[in-house]
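Secondary and tertiary structure notes
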Amino acid sequence: MHFMTALKAAWQQRDSLLCVGLDPDPDRFPAHLQGRPDAIFEFCRQVVDATADLVCCFKPQIAYFAARRAEDQLEALIEHIHARHPGTPVVLDAKRGDIGSTAEQYAVEAFERFKADAITVNPYMGRDSVDPYLTYPDKGVILLCRTSNPGGSDLQFLEVGGIKLYEHVARLVAQDWNASGNCGLVVGATFPAEIARVRELTGDMPLLVPGIGAQGGDIAATVAAGRTADGCGLMINSSRAILYAGKGEDFAAAARQAALDTRAAINAHR
Ligand SMILES: O=C(O)c1cc(=O)[nH]c(=O)n1[C@@H]1O[C@H](COP(=O)(O)O)[C@@H](O)[C@H]1O
């Protein structure tokens, strides 16, 4: 199924704009999982199974798996999501960016090896560095635009021809790169004014919005700034605040409660 079709269905069917980010840090796992060779898979699997009916997508961050030589556990996790929670899109957060021939390999890795439905990509190297992802007709390509970190302003806020660089990226993607309708943009919840500006520039394009929860972004302001006319249009990501809501054997139940609370807080402003 096309990423955009699955995302729209999940927004409606789960009544949710919440994206649970899968950033597994073994140092923060509950004691009973410590030392298990499949601890990363098992931790994420339990969170996935406890929250899948509450999310519009999952977003595994590849660095947390690669750093621990756990790419096989990432493969198994995405396979598990597709098998047990069909229709739940998986956004592989890899923030790739390289020349076309190398990007082709990254696209194979994301879409054919890991079987992700969408990937985050850095637009800095320009159109030909993004084309290899765009050629997969059913996959989503989510480009960094206005990132949630304070240093994002170093480059993204530079003036280019009378507008800010992030505005140029939003316009370029909406008017040119999105010819097949499979692009999205990343805009941090820590910058609601810029979410509103990106929404203005991009129509109904889906926005991946990290930065609520651990980074302190304001849910009400995020939803007000970014929702589309039909109250959708957003994948609002929370990772640590949900994954580590509990510390003990009941961590998955604690994650579910945190996801329920976060979804309700988001829906209160739709
Ligand atoms: O592309 C992203 O997902 C992303 C972009 C951005 O601007 N800021 C940002 O925090 N992220 C990711 O979103 C997640 C945020 O995690 P928490 O702060 O724990 O909710 C991490 O996986 C980040 O890598």
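Note that the coordinates shown come from a computational prediction; the quantities given were computed from them, not determined experimentally.

A look at the packing of helix α9 (residues 192-202) against helix α10 (residues 219-226)
- Orientation of α9 relative to α10, taken along the N-to-C sense of each, is 15°, at an axis distance of 8 Å. Comparing their axes, α10 and α9 come out roughly parallel. Crossing handedness for the pair α9 and α10: right-handed. Contacts from Pro 192, Ile 195, Ala 196 and Arg 199 in α9 reach Ala 221, Thr 222, Ala 225 and Gly 226 in α10.
- A breakdown of the residues in the contact of α9 with α10 according to their chemical character gives five nonpolar, two polar and one charged.

A word on unusual backbone geometry
- A positive phi angle, close to 55°, is found at Arg 69, a residue other than glycine.
- Positionally, Arg 69 belongs in the loop between α3 (62-66) and α4 (71-84).
- Judged by its relative accessible area of 75%, Arg 69 is exposed.
- With a phi close to 45°, Lys 95 is a non-glycine residue in the positive phi region.

A closer look at the packing of aromatic side chains
- Taken as a whole and judged by the stated rule, the model has five aromatic pairs.
- Ring centres of Phe 43 and Phe 251 lie 4.9 Å apart, and the angle between their planes is 10°; on these two criteria the pair is classed as stacked. Residue Phe 43 is located in helix α2 (residues 39-51), and its partner Phe 251 is located in helix α12 (residues 251-267); the two are separated by 208 residues in the primary sequence.
- Note on Phe 43: relative accessible area 1%, which makes it buried.
- A residue is classified by how much of its surface remains accessible, and Phe 251, at 0% relative accessible area, is buried.
- The structure contains a cluster of three or more aromatic residues connected by ring pairs, namely Phe 29, Phe 43, Tyr 244 and Phe 251.
- Its guanidinium or amino end placed over the ring of Phe 191, Arg 146 lies 3.6 Å from that ring's centre, counting from NZ or CZ.

Brief notes about the environment of Asn 149
- With respect to the helices, strands and loops of the structure, Asn 149 is situated in the loop between β5 (140-146) and α7 (153-156).
- The class for Asn 149 is partly exposed, based on a relative accessible area of 36%.
- Taking the C-alpha atoms as reference points, Asn 149 and Asp 138, 11 residues apart in sequence, are found 30 Å from one another.

Observations concerning the UniProt feature "active site" (unreviewed entry) in the protein
- Under the local residue numbering, the UniProt record ascribes the feature "active site" (unreviewed entry) to Lys 95.
- With respect to the element layout, Lys 95 can be found in strand β3 (residues 91-96).
- Exposure remark for Lys 95: the relative accessible area of 40% places this residue in the partly exposed category.
- Each residue touching Lys 95, except ones within four places of it in the same chain, is listed here: Gln 61, Thr 120, Val 121, Asn 122 and Leu 144.
- Separated by 2.9 Å, the side chains of Lys 95 and Asp 93 make a polar contact.

Comments concerning the site of the ligand
- Around the ligand, the structure places 16 residues, and the nearest of them are Asp 23, Ser 148, Gln 215, Ser 239 and Arg 240.
- Within the contact set of the ligand, an oxygen atom lies 3.0 Å away from a side-chain nitrogen or oxygen of Asp 93.
- In isolation the ligand exposes 510 Å². Once the protein is present, 89% of that is buried.
- Those elements that place two or more of their residues in the shell around the ligand are β3 and β10 (234-238).
- Across the shell around the ligand, the residue classes tally to four nonpolar, seven polar and five charged.

Definitions and limits used
Residues numbered from 1 in each chain as written. Predicted model: local features only at pLDDT ≥ 70, side-chain atom pairs only at ≥ 80, totals over all residues. Heavy atoms only, no water. Axes fitted to C-alpha atoms, helices over the stretch in contact; angles between N-to-C directions. Helix = DSSP H or I, 4+ residues; strand = E, 2+ residues; numbered from the N terminus. Parallel < 35°, antiparallel > 145°, perpendicular 65-115°, else oblique. Left-handed = near helix turned anticlockwise from the far one by under 90°. Contact = heavy atoms within 4.5 Å. Nonpolar A, V, L, I, M, F, W, Y, C, P; charged D, E, K, R; others polar. Buried < 20%, exposed > 50% of the residue type's maximum accessible area, 1.4 Å probe, protein only. Phe/Tyr/Trp six-rings, centres within 6.5 Å; stacked < 30°, edge-to-face > 60°. Lys NZ or Arg CZ within 6 Å of the ring centre and 35° of its normal. UniProt positions renumbered as here; feature names shortened; annotations may be inferred. Polar contact = N/O pair within 3.5 Å; in protein donor to acceptor, adjacent residues only side chain to side chain. Near = heavy atom within 4 Å. Areas by Shrake-Rupley, 256 points an atom, 1.4 Å probe, with all protein chains shown as cover.

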